[in-house]
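# Structural description and commentary
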Amino acid sequence: MTKLIFEQSTSGRINKAQFLPAEIPLDDIPDVFLRKTSPMLPEVSEMQAVRHFTRLSQLNFSIDTHFYPLGSCTMKHNPRICNEAALYDGFSGRHPSAPDSTGQGLLSCLFDLQEILKDISGMNEVSLAPMAGAQGEFTGIAMIRAYHDARNDDAREEILVPDAAHGTNPATAVMCGYKVREIPTLDNGDVDIDALAAVVGPRTAGLMLTNPSTLGVFERQIREIATLVHDAGGLLYYDGANMNAILGKVKPGEMGFDVIHLNLHKTFSTPHGGGGPGAGPVGVSERLIPFLPVPRIVESSGQFTVLDKKDCPQSIGRLSCFMGNAGILLRAWIYARLLGRDGMKRVADFATLNANYLKAKLEQAGFEMAYKNRRATHEFILTLKKEKAETGVTAMDFAKRLLDKGYHAPTTYFPLLVPECFLIEPTETESLEELDGFIGAMQEISKEAAEQPDLVKSAPHNLPIRRLDDVRAARQLDVVWKNDLGDSKK
Amino acid sequence: MTKLIFEQSTSGRINKAQFLPAEIPLDDIPDVFLRKTSPMLPEVSEMQAVRHFTRLSQLNFSIDTHFYPLGSCTMKHNPRICNEAALYDGFSGRHPSAPDSTGQGLLSCLFDLQEILKDISGMNEVSLAPMAGAQGEFTGIAMIRAYHDARNDDAREEILVPDAAHGTNPATAVMCGYKVREIPTLDNGDVDIDALAAVVGPRTAGLMLTNPSTLGVFERQIREIATLVHDAGGLLYYDGANMNAILGKVKPGEMGFDVIHLNLHKTFSTPHGGGGPGAGPVGVSERLIPFLPVPRIVESSGQFTVLDKKDCPQSIGRLSCFMGNAGILLRAWIYARLLGRDGMKRVADFATLNANYLKAKLEQAGFEMAYKNRRATHEFILTLKKEKAETGVTAMDFAKRLLDKGYHAPTTYFPLLVPECFLIEPTETESLEELDGFIGAMQEISKEAAEQPDLVKSAPHNLPIRRLDDVRAARQLDVVWKNDLGDSKK
Amino acid sequence: MSFIPHTEDEIRQMLNAIGVDRIDELFDEIPAELINEKLDYVPAAMNEAGIRRLSRQRAENDGHHINFIGAGAYEHHIPAAVWQIATRGEFYSAYTPYQAEASQGTLQLLYEYQSMMASLTGMEVSNASLYEGASALAEAVLMAVRAQREKQRILMPETIHPGYRETTETIVKNQGIVLSSISYSGITGTIDLEQLGKEITDDVAALVIPQPNYFGALEAVDELTNLAHERGCLVIAVVNPVSLAILKAPGEWGDKGADIVVGEGQPLGIPLSSGGPYFGFMCCTQKLIRQMPGRLIGRTVDADGKQGFALTLQAREQHIRRSKATSNICTNQGLMVTAATLYMSLMGPAGIEQVAKASHANTRLLVEKLTAIDGVDVVFNSPFFHECVLRINAPMEDLIPAMTVQGVIAGKALFADYADLHDCLLVCATELRTEEEMDVYAMHLQRFVSKHQLETP
Amino acid sequence: MSFIPHTEDEIRQMLNAIGVDRIDELFDEIPAELINEKLDYVPAAMNEAGIRRLSRQRAENDGHHINFIGAGAYEHHIPAAVWQIATRGEFYSAYTPYQAEASQGTLQLLYEYQSMMASLTGMEVSNASLYEGASALAEAVLMAVRAQREKQRILMPETIHPGYRETTETIVKNQGIVLSSISYSGITGTIDLEQLGKEITDDVAALVIPQPNYFGALEAVDELTNLAHERGCLVIAVVNPVSLAILKAPGEWGDKGADIVVGEGQPLGIPLSSGGPYFGFMCCTQKLIRQMPGRLIGRTVDADGKQGFALTLQAREQHIRRSKATSNICTNQGLMVTAATLYMSLMGPAGIEQVAKASHANTRLLVEKLTAIDGVDVVFNSPFFHECVLRINAPMEDLIPAMTVQGVIAGKALFADYADLHDCLLVCATELRTEEEMDVYAMHLQRFVSKHQLETP
Ligand SMILES: Cc1ncc(COP(=O)(O)O)c(C=O)c1O
Ligand SMILES: Cc1ncc(COP(=O)(O)O)c(C=O)c1O
C-alpha cells in the first residue's frame, strides 16, 4: 500500500525549484473575486513527488512490462521514437491559434496521415478531428444525420446495432438523437440477416457494424448487409476499432461502408496511456464529404491550411476547441511511416497468425471456443462456462489468477452474448515465447481450478493487493480524499 | 527471476525499425580481416528489449524509489531538469573534436562551473578533466609529484594516508608511484597528530585527508596538521567526497589544502547511474596551477577556448581522450545554478541537520554510536557490535532486513576501523517523515534481532530474491553467459 | 518496417499448430473479392533513423515564436519531472484500469487527481477526465438537461470561448437542446445582466458561466449563480484551473456554489502541441454524481482489508448501460491526467498560486506597455485574470502576419467571432513571458501601428 | 533554489530532538575561523524555468553542423528506446550495486553487458566498464605490466589515437613504465613491421595493436599478434566495438588471440556530447582476470537456489585491497553501460553489422566524392573501416574554420599530431551521413581548394 500523496504532504512545504520567489500583488482584483482558502494540493518536495509517482507506476501492468491480451483494445508495442518525436519543441510548443504559417511542419505530417488513412480505409476523405473511437462514432452518426436532414429525409429515426456491438455504438446513436434497434447474432457469430431484413426500412437512418465484429469473427455477409441497408435508404457505419485484423488486406470502403472511424491508439499504436488519449479519425464516402467536422487540413501547392466552419458551411461543426489530439495523430503518422506500405499488411497477417495460433493451442489444451469452427481474426473468444459449472471458478477468477502468473487478463464478460467469456487479442508484436507462456499459464490455472478451486477464486495472491471489493467501492462511495484538517486559510 | 536477454533471443529475429535494409558489399576488405561468426548479441524485438530492461529496472532500489542512506555516497535527489537539459541536441550532438567555435554554449557552462567550484573550494584554479573521485585523486597526487619533480625534490616518496581513508586514497598513491604510510586514528575520530608528527618528514610528498573524514566527524586540528605537513615540505591533498557537509560554510583552500577533488556526483547531485558516470574536478592553490591536466577551458573577451598540452607545457597531461565527462559537468552546472549562492550553504545545513537528527533519535532508541560525543557531520557511524554479541545478528543482517522494510542499507563494514558498522548519510533532500520511517524500521529490526534472530539473519524475505551466495560467486566464477549452442556462422 | 518478432521457423511452427500452410489461408472467411492489398498512397517503410531525421526537419519548421496568445490554451512552465515520469512505460503503455489489482498505480493516481480537482474547484466530486474543455462543456450541458428532465434550454453567454460554443452546439444539437445566447456589456466585457434577467425563464436547464471569460474579464459569479439558482437553473461553471489558485472556487460562488464545473486541463502541465492532446475536467455536486459522464475511481479495500482503488459506478457508462449510458465516452485522456497530477504535485498550492499571480502581473505589464502606444487601447473596464482585449487602430488582417514574420505571435484577433470587436486583439502573457519579450512585442507593434494607422479612428 | 523539504516547524522539532537551538550549532566543532559563508562568484539561485531557458539558449548556440569527424568518437543513430529506458529513475538514480538483493536490475544488466562484450571481442571475460577508451588503455598497460612482472616496456605504435597515447603516458609514467613508439609505413599507414621487429625485445611487456588504427586503416593483426606472442609479449588490442560486427574479433587474432582488449564504448549508443560521458570497455583472457581492474559481476544463486547476480572478485578492488588494488577506480560509467546494453539489444547482431557496413560504404562514397576534387588524394593504400586520411592541397589551418562557417565539420586535421601529415585530414562518414550531405561537403571543399590551392604541391 502506497500512502496517498496527501498523506505525505506537510503544510508550508514548497518545492522551490518550481517557485517564483517574488511577492506579486493582486491589488487590482477586488476581493469578492478571490479565493479565501488554499486548495488541498499536495505540499511535497520534488523528490517526494518523483518517488511517489515512480513507485505508483511500478504497480501497473503495462505493455512495456507484461503481455496484455485485452481483447478489442489492440495492446501492441508502442515504439519509443513516436513519443520522442511528438515531444520535439517545434511540435509541442506551438499554440493552436498561432497562424498556419507557424505550423507547416505539423500540418504536413497530419495531411500525410490523412492520405494514408484514406488509402487503407478505402474512403474518399478523412477528418482527423475526433479524439477517440467514441467521438469518431459520434461524428459518423452525426454526419449520417446531417446527410438525411440535408435531403429532408426526416423519418429516419433509428440506428441499427448488432447485439454484439461495443457499448459505445448504442450510446453514440442516442447522443445523436436516434433510437437504437438491436439486431441479433447467429450462433455462428454472423449477424442474423433475416432479423435485419425484418427491421430495416424507411425509419432506418443507418447501421453500425464492426467487422471483424467484437466476437472475433469476420462478418462474411457484409456485402449482402450493405445492400440491404443501402436499398432501404440507410447508410453504413463502420466501427474500425478492429482494423488491426484487416489492415492492408481489406478496405472498409470496399465493403460498402459510407463512414468509418479508426482507433489510432489501437491499430496505429499510439499509447493507451492508462486510458487515453486516443484518436478516432473518420473516413467518408463522397456523399458525406460536405458534412465532415472542422477543422480540416487541406493542401495547395505545398502549403497547408486549416479550414474552419466558414469554409465548410455544411459541416457538422467542431468537436473540440482546437484541433483534436494533434500530438497523438503525430505519433500515428510516425508509426505509419515506420510500417510503410508492406508493413501494414504484415500487421494484419501476424495479428491474425498470433490469434489463430493461440486459439488452436488453447483449443488443444481443452478450452472451449465460443465460435469453434470460425477462423479467429486478430482476436477470439473462449468461454469458461464449462469450468464454471464444474469447479465454480469463473472467468473473473481465471482473470485474477492470470495476473498472479504475470499476464494481464484478456477482456472479460464482453461481449455480453457469450457466458464467462475471455476476449483474447494477442496482437502482432508478441513473440511465440510469450504466447506459449500464456498458454502454459492458462493450463496451469485450469488444473488449479480442478484441484484447488479456492486458490483461483481468491486470486490474486502475488500482487501488492488482493481482490478488491467493488461492491463496497460503489456502495460506500469514496471518490475524493477528505483532508480531516479542513482547508487551510491563506 | 528474470530470464537473461539471451534466453529470449531467437536466431534470425531482427528489430526492423533499427535495421538498414540495404545489401551492403564489403568487397574492398580482404577476407583475413573479417569476422567469420556472428557475435552472440541478443536477437530480440524492440518490445522484448523494452520489456526486459523495464522489468529489470524495477528490481533496483534507487533514489527515485527508496531512501538510500549510503554513507560517503551522498545519495540525494537528482533533479530531473538536469537530465533534460544535458540531452538537448546542441549539447549532446556536438563532436568533441569539432572547433571550439561550435561549442561556445557548452564551454560557457563549463567555464561558469569552474568559477563556482573555485569559489566554494577556496582554490585558485580548477580543472574539470577528472572523470570520477578516484581520477581526481590521481590527478591531485600526480600534480604533487610533478611539483616536487619540478623542484628536483626527489627524496619524497611517501604519501601519508589516515587509516580511516577511503580505499581509493592508498590505491591512488600507489598508482602515482608512491609508497603509502598509514596514520592511525584516535578513539575520538581525529587523526593521531603525534603519530603523524613522528612520520612526517623529508620523505613525505604529501598527506591525503578527507574532512569531514569517513568517520563522519570533522577533523578539528586540521590547521595544525596542515602546518605540520607544510613545514616538512609536503603538500596537502583534500579528498572532497564529503563536501556536502561543509558546502558554502568552509572552504578547503582555507583549511590549508593545496589540492582538492570534488565528487560532483555526490555534492552536485549528478546521477549515480547504477555506478557512474561521475566527475571529479580538482582545485589547486597557486603553486600547482602549471601542473593542471589538460584540456583546460579559458575565457577571453567572451570567447571560450580549450587549451591543450602545447599551451600548458608543465601539465601532467591528459586524463582521457577528450574532455572528461562533459555531460555530467553540465548537469552539475545546472544544479549549482538551481541552488545558487544561498542554496549551497543550505545543503550543508540540512545535510547536517538530518544526520544529527537521525543520530540523536537512533541513540535514544538504544543504538550505539561509534563517536558518541562528536557532532555528526552529514553522516555518522553506528556500531552494531553489541547487537552482534547479544543476538548473533550482524551489521550485514541488519542491512538485509532493512531492504525488506523498504530502505536501502547504509554503507556497511566501512570504514574498516569500526566493527559491525553502519555509515549513515541521509542527505538534505530527505524529509522528516522518511527519517522517522527509517528510525522505526531500525527499531523494529532491533526488536526482531532480540526475539527472532533467524528472521533477521535470513533476510531479505520480501525481495524478488533471497540472500545471495557471494562465496559461490567468487569460487565458481560465472561472469559471462555461455551460449550452449555456440556461435552462429555468418 | 514493423515490430513483428516472428522468424521464418516460428511462422512455420505456428502455421503447423493451426493446421494451415500459409498465413493467407487464415483470411479465407473473407470474401475473396474484398481482399485488396494495394496501398498506393502509403509510402514505403522508413527506419527509425529516417523518421527521426524527417520529424526533426518538420519540427524545425515550426513555431519558435514568442507567443502572446492564450484564448483557451496557455504556455506555462512544465517541470521536467512531469513528462519524464508520465512517459514511463508503466503509465504510458497501460490501458484503462479494468483489472484493478494490476493497475493500482493508475488508479491511485486518478483518485489523487479527482481529489485535487475537487479541492481546486471546491466541488464534492470529480471524474477522471473528458476529452478537452469544450467537449466537457457539451457533456455538462447534456448532464444538466438529464438532471433537469423536461428543460431543454441552456443559456450560453457570448463571453464564453467561441470554440466552446461551437463544440457544444455540435454535440448537443441532435438531442433538441437549445443554446440561447446572452450578450455582453460593451463596457465591462461581461455578461449583460439585463438580457440575462429576461432570458432566464422556467424552461432553462442551466446557465453557463465562464470565469475568467473569453475576454479575460471576471464575471460577477456570485450574483449570476444566485440568480440562476433562484430561477431553478443549474449553474455550469467553465473555469481555468490555474486561475483557481487565486480566484474563488466555483463551489463557493453565490450562496450554494456551482453545480457542475468543467474546463480545459491543459494549463496544468500539458504542452500546447497545436491543440492537443489536452484533457477536460469535470466536477460536480455529490447529488449529480450519477448523471456524470466518464470514469470515476473509488477507494475501497481488498480481501485483507487493505486500501485499494477501483473503477466505480460503472453502471453509468456505455460498456454496461449501453444506450442508456450518461455518455458514449470510453477512452479518455488518461496520460494527460497523469501529467496534470504530477504537475499539481510538483508545483503545490503555493507554486500554482505564484504562476497565477505572475501570469496576471505579466499581462498587466504587457497591457501597460502596449497601451502606451498611440492607437492601442484597453476595451473593457473589468478586472481581468491573465488576458485582456485591446483595440488597435490598424488593419488586423495584416497585423498578425506582419508580427509573425518578426517572430511575435501577437494575440488572437477577434474579428472572426465578434463583429463589433473586429479591430480587437486578445492578448496574454503567462509567467513565462519576460519583460524583454514584451519590449520586443511593443517595439514591433509600435512600428506597425505607426505605419498602418487607420484614418481618424 | 534547493531541494530541501523541511518546513520551519519540522526544523524546530528536529533541533529539539538533537538538543540545540540553531542549525549553526551543529557546526561547532569546526574551528570558528574556518567558517566562511561568502560566495561572491556563485550566482544567485534560479528556478527551473529560468535554468531551462538559459540552457536552451546556450545549447542553441552549439553545433548543428554536418559532422565528418570520427577520430575516436562516432555519430551513430541511437534508438529512441535507449535513453528513454536508461534514464528511468531506477537505473539513473541508483548507485553501485553493493546490496545485491536490492540491485538485481543493474546487476543482471551488467552481467548481460559483460557477456555481450566478451562475445563481441571474442574474449573470455569482460569487466563492467572503465572511464573511457584512452584511460582503459592505460589500465590495460598497467595490467600487462603487473602480469608480466619485471617487464616495464610497452610498445605503442604511432598509429594509435594520439589522445590514447597521451592519456596512457599521464597515467602510467609515474610507475616507471616506458612507452616506446613504433612508427608507421608512409605507404600503408599501418605499423612499420621492420621497426617493430627490432623493438620487440625481451623487456617488452606488451604490444598495443589498434584495429582499425587511428588512420582508419586495418593493421595486420594476425601477424602482429603472433609476433608478439613469440617474443613473450602480451597483446593489448584497442578496437572499435561497432567495427567488430564485421572485423575479426581480437580473441581470434593470430593463433592465440589478443590477451587484453580495450576500447571506447561510445559508438554503442552514447551521444557525442563534446566528449563524455562515454565508457571504456575491457575484456581479457580468463587467465588474467585477477589482474583486471574495475567491477565484475558474477552469476550465483540465492538461499533458495534461485539465480541471482552479485559483485564478485571484489578483493581486487580498492575498497578491499586498498594500496594493493588492481586500480583506484571506484565509480565507473554505469549509466553509459546501461545505454550500451540497451543499444546492443535493440540493434542485435544484424543491426550492428549493418551499421558497420553502412559506415564503411558511406566513407568509401565520401572518399570517392572528395578525391574527385583536384588537389585531394588518399594518403594510404590499406583497406580502411570507416575513416580515411586525405591529403589536401590547401592551407589546413584555414580550411577547417572556412568549412565550419559553411556548416560542415570537415574532419580532424592531423598537423598537431603528425608533422609529416601536416596537410592531411582524417574524415569519417557513419551510416547517418546522407549522400546529399556529402555533396554539400564536396561542393564547399571544391570551392575552397580551387580558391586556396597551394603552389605546385
Ligand atoms: C469495438 C470498439 N468500438 C469502439 C470503441 C471505442 O473507442 P474509444 O475507446 O477510443 O472511444 C472500442 C474501444 O474501446 C471498441 O473496442
Ligand atoms: C571518501 C571518498 N573518497 C573517494 C571516493 C572515490 O570517488 P569515486 O567513486 O568517484 O571515484 C569516494 C566515493 O566512493 C569516497 O567516498
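Right above here is the structure, for reference.
To start, this report covers the structure provided alongside it.

### Regarding the overall build of chain C
The number of helices and strands found in chain C is 13 helices and 15 strands. By its C-alpha atoms, chain C is 85 × 55 × 50 Å across when sized along the principal axes. The buried share of chain C, taken over its 457 residues, is 72%. Element-wise, carbon and sulfur atoms account for 48% of the exposed surface of chain C, whose accessible area totals about 13800 Å².

### A word on the environment of Ala198 of chain B
Residue and element names in this part refer to chain B. Residue placement: Ala198 occurs in helix H7 (residues 193–199). Classification of Ala198 as exposed rests on a relative accessible area of 63%. Expressed as a C-alpha distance, the spacing of Ala198 and Ile183, which sit 15 residues apart in the sequence, is 9.8 Å.

### What to know about the sheet that holds strand S13 (residues 421–424) of chain A
Residue and element names in this part refer to chain A. One open sheet holds the 4 strands; their spatial order is S10-S11-S13-S12, and the pairing between them is antiparallel. Looking at the sheet topology across the chains shown, the edges are occupied by strand S10 (368–369) and strand S12 (411–412). With 2 bridges joining them, S10 and strand S11 (residues 380–383) adopt antiparallel strand pairing. Directly across from Met369, in S11, lies its bridge partner Leu382. Across the sheet, helix H11 (residues 326–364) lies against S10, S11 and S13, angled at about 20 degrees from S11, the strand it touches most.

### Describing the pairing of strand S5 (residues 204–211) of chain D
All names here are of chain D. Within S5, 8 of the 8 residues are buried, leaving the element largely enclosed by the surrounding structure. Bridge count between S5 and strand S6 (residues 234–239): 6 bridges; the pairing is parallel. Opposite Val208, over in S6, you have Ile236 as the bridge partner. Chirality of the crossover, the property in question, places the unit of S5, helix H9 (residues 221–230) and S6 among those that are right-handed.

### Observations concerning the site of ligand 2
Neighbouring ligand 2 are 16 residues; Ser72, Gly133, Asp239 and Lys266 of chain B together with Thr331 of chain D lie closest to it. Residues near ligand 2 are shared among chains B and D, making this a multi-chain site. A distance of 2.5 Å is found between an oxygen atom of ligand 2 and a side-chain nitrogen or oxygen belonging to Ser72 of chain B. Between ligand 2 and the protein, one listed contact pairs an oxygen atom with a side-chain N or O atom of Asn263 of chain B at 3.1 Å. Looking at the shell around ligand 2, the elements with two or more residues in it are helix H5 (133–150) and helix H10 (264–267) of chain B. Broken down by element, the residue count for the shell around ligand 2 peaks at 3 residues, all from H5 of chain B. When the residues that make up the shell around ligand 2 are grouped by side-chain class, the tally is 5 nonpolar, 8 polar and 3 charged.

### Brief notes about the site of ligand 1
Near ligand 1 lie 16 residues; those nearest to it are Ser72, Gly133, Asp239 and Lys266 of chain A together with Thr331 of chain C. Looking at the residues close to ligand 1, they fall on chains A and C. One nitrogen or oxygen atom from the side chain of His265 of chain A is found 2.7 Å from an oxygen atom belonging to ligand 1. Broken down by secondary-structure element, the contributors of at least two residues to the shell around ligand 1 are helix H5 (133–150) and helix H10 (264–267) of chain A. The dominant element in the shell around ligand 1, judged by the number of residues it contributes, is H5 of chain A, at 3 residues.

### Topic: the state of the cysteines
Taken as a whole and judged by the stated rule, the model has 0 disulfides over all chains. The thiol sulfur of Cys73 of chain A is not disulfide-bonded, and the nearest other cysteine sulfur, from Cys330 of chain C, lies at 7.4 Å. Free cysteine: Cys283 of chain C, not disulfide-bonded; nearest cysteine sulfur from Cys284 of chain C at 7.7 Å. Cys283 of chain C sits in the buried class, given a relative accessible area of 0%.

### Digging into the sheet that holds strand S11 (residues 376–378) of chain C
Residues and elements named next belong to chain C. The strand order S11-S12-S15-S14 describes an open sheet built from 4 strands, whose pairing is antiparallel. At either margin of the open sheet sits one strand with a lone partner, and together these are S11 and strand S14 (412–413). Across 5 bridges, the pairing between strand S12 (residues 387–392) and strand S15 (residues 424–428) is antiparallel. Paired with Val389 across the two strands is Leu426, which belongs to S15. Here helix H11 (residues 334–371) sits on the sheet and contacts S11, S12 and S15; the angle it forms with S12, its principal contact strand, is near 10 degrees.

### Here we look at the packing of helix H1 (residues 46–58) of chain B against helix H11 (residues 334–371) of chain D
Viewed as axis vectors pointing N to C, H1 of chain B and H11 of chain D meet at an angle of 150 degrees, and their least axial separation amounts to 8 Å. What the angle tells us is that H1 of chain B and H11 of chain D run roughly antiparallel. Crossing angle aside, the handedness with which H1 of chain B passes H11 of chain D is right-handed. Every residue of H11 of chain D that contacts H1 of chain B at Glu46, Ala49 and Phe53 of chain B is listed here: Thr341, Leu342, Ser345 and Leu346 of chain D.

### Overview of the packing of H1 of chain B against helix H5 (residues 104–121) of chain D
Running from N to C, H1 of chain B and H5 of chain D point in directions that differ by 135 degrees, and their axes come no closer than 6 Å. Our classification of the angle between H1 of chain B and H5 of chain D gives oblique. The segment H1 of chain B lies against H5 of chain D, with His52, Phe53 and Leu56 of chain B engaging Gly105, Gln108, Leu109 and Glu112 of chain D. The class makeup of the residues in the contact of H1 of chain B with H5 of chain D is 3 nonpolar, 3 polar and 1 charged.

### Focus: the packing of aromatic side chains
For the coordinates displayed, the defined rule picks out 44 aromatic pairs over all chains. Considering the side-chain rings of Phe6 of chain A and Trp481 of chain A, the 5.1 Å spacing of their centres and the 5 degrees angle between planes classify their relative orientation as stacked. Taken together, the residues span a long stretch of sequence, with Phe6 of chain A in the segment before helix H1 (46–57) and Trp481 of chain A in the segment after helix H16 (470–475) at a distance of 475 residues. What makes Phe6 of chain A buried here is its relative accessible area of 5%. By relative accessible area, which is 14% here, Trp481 of chain A ends up buried. Aromatic side chains Phe398 of chain A and Phe422 of chain A sit 6.4 Å apart centroid to centroid with 85 degrees between the ring planes, which places their arrangement in the edge-to-face category. Taken together, the positions of Phe398 of chain A in helix H13 (residues 395–404) and Phe422 of chain A in strand S13 put the pair 24 residues apart, joining distant regions of the chain. Of the residues examined, Phe422 of chain A reaches a relative accessible area of 0% and is grouped as buried. An aromatic cluster is present here, built from Tyr184, Tyr214, Phe215, Phe380 and Tyr418 of chain C joined pairwise through their rings. One residue, Lys249 of chain A, lies across the ring of Phe27 of chain C, its end atom 4.2 Å from the ring centre.

Basis of the calculations
- Residues numbered from 1 in each chain as written.
- Chains lettered and ligands numbered in written order.
- Predicted model: local features only at pLDDT ≥ 70, side-chain atom pairs only at ≥ 80, totals over all residues.
- Heavy atoms only, no water.
- Helix = DSSP H or I, 4+ residues; strand = E, 2+ residues; numbered from the N terminus.
- Buried < 20%, exposed > 50% of the residue type's maximum accessible area, 1.4 Å probe, protein only.
- Areas by Shrake-Rupley, 256 points an atom, 1.4 Å probe, with all protein chains shown as cover.
- Pairing = 2+ DSSP bridges.
- Contact = heavy atoms within 4.5 Å.
- Axes fitted to C-alpha atoms, helices over the stretch in contact; angles between N-to-C directions.
- Right-handed = clockwise from strand over helix to strand, strands pointing away.
- Near = heavy atom within 4 Å.
- Polar contact = N/O pair within 3.5 Å; in protein donor to acceptor, adjacent residues only side chain to side chain.
- Nonpolar A, V, L, I, M, F, W, Y, C, P; charged D, E, K, R; others polar.
- Disulfide = S-S within 2.5 Å.
- Parallel < 35°, antiparallel > 145°, perpendicular 65-115°, else oblique.
- Left-handed = near helix turned anticlockwise from the far one by under 90°.
- Phe/Tyr/Trp six-rings, centres within 6.5 Å; stacked < 30°, edge-to-face > 60°.
- Lys NZ or Arg CZ within 6 Å of the ring centre and 35° of its normal.

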